[in-house]
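Structural overview
Each chain, written out:
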Amino acid sequence: MSFLAATVHPARRQGIEHSRTVFALGERRLGTGPWALERYSIADIHLFRLYWRFRNSYHPAPGEFPNLTAHLRTA
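Definitions and limits used
- Counting from 1, residues in each chain are numbered in the order their sequence is written.
- Reporting of local features is limited, given that this is a predicted model, to residues whose pLDDT is at least 70; pairs of side-chain atoms are given and counted only at 80 or more, and all residues count toward the totals for whole chains, interfaces and linings.
- Hydrogens are left out, water is left out, and the side-chain values use all remaining heavy atoms of the structure.
- Note on aromatic contacts: the rings of Phe and Tyr and the six-membered ring of Trp form a pair at centre separations within 6.5 Å, being stacked when their planes are under 30 degrees apart, edge-to-face when over 60 apart, and tilted otherwise.
- We count a stretch as a helix when DSSP gives it H or I for four or more residues in a row; a strand needs E for two or more, and each element gets its number in order from the N terminus.
- Burial classes follow relative accessibility: with a 1.4 Å probe on protein chains only, a residue under 20% of its type's maximum area counts as buried, one over 50% as exposed, and anything between as partly exposed.

**With respect to the packing of aromatic side chains**
What the rule picks out here adds up to 7 aromatic pairs. Between the aromatic rings of Phe 23 and Tyr 51, the centroid separation amounts to 5.8 Å while the plane-to-plane angle is 55°, which identifies the pairing as tilted. Of this pair, Phe 23 sits in helix α2 (residues 16-30) while Tyr 51 sits in helix α3 (residues 42-58), and the two are 28 residues apart along the sequence. Plain terms: the ring middles of Phe 54 and Phe 65 are 5.7 Å apart, the flat faces sit at 75° to each other, and that makes the pair edge-to-face. With Phe 54 in helix α3 and Phe 65 in the loop between α3 and α4 (66-74), this pair connects stretches of sequence that are 11 residues apart. Taken individually, Phe 54 and Phe 65 each receive the classification buried, so the pair is uniform in this respect. In this structure an aromatic cluster arises from ring pairing among Phe 23, Tyr 51, Phe 54, Tyr 58 and Phe 65.

Without other data, these values stay purely geometric and don't point to any function.
What follows is the structure, given as structure tokens:
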């Protein structure tokens, strides 16, 4: 939650390149698992909302963030 609140949340205000860098970190951290932690949690709700806003604002290329996109579909 701290990473999401302090790093991911404000990234969109800092432009597309910074956002892509931050979401790439989130992509790697999430991995291929369905949830941010071992099971569904408040972190998934926050991640869902942040990635949803990023995706609707910056329209990343299909396949750029496959793990986050899968998470979006699951959550």
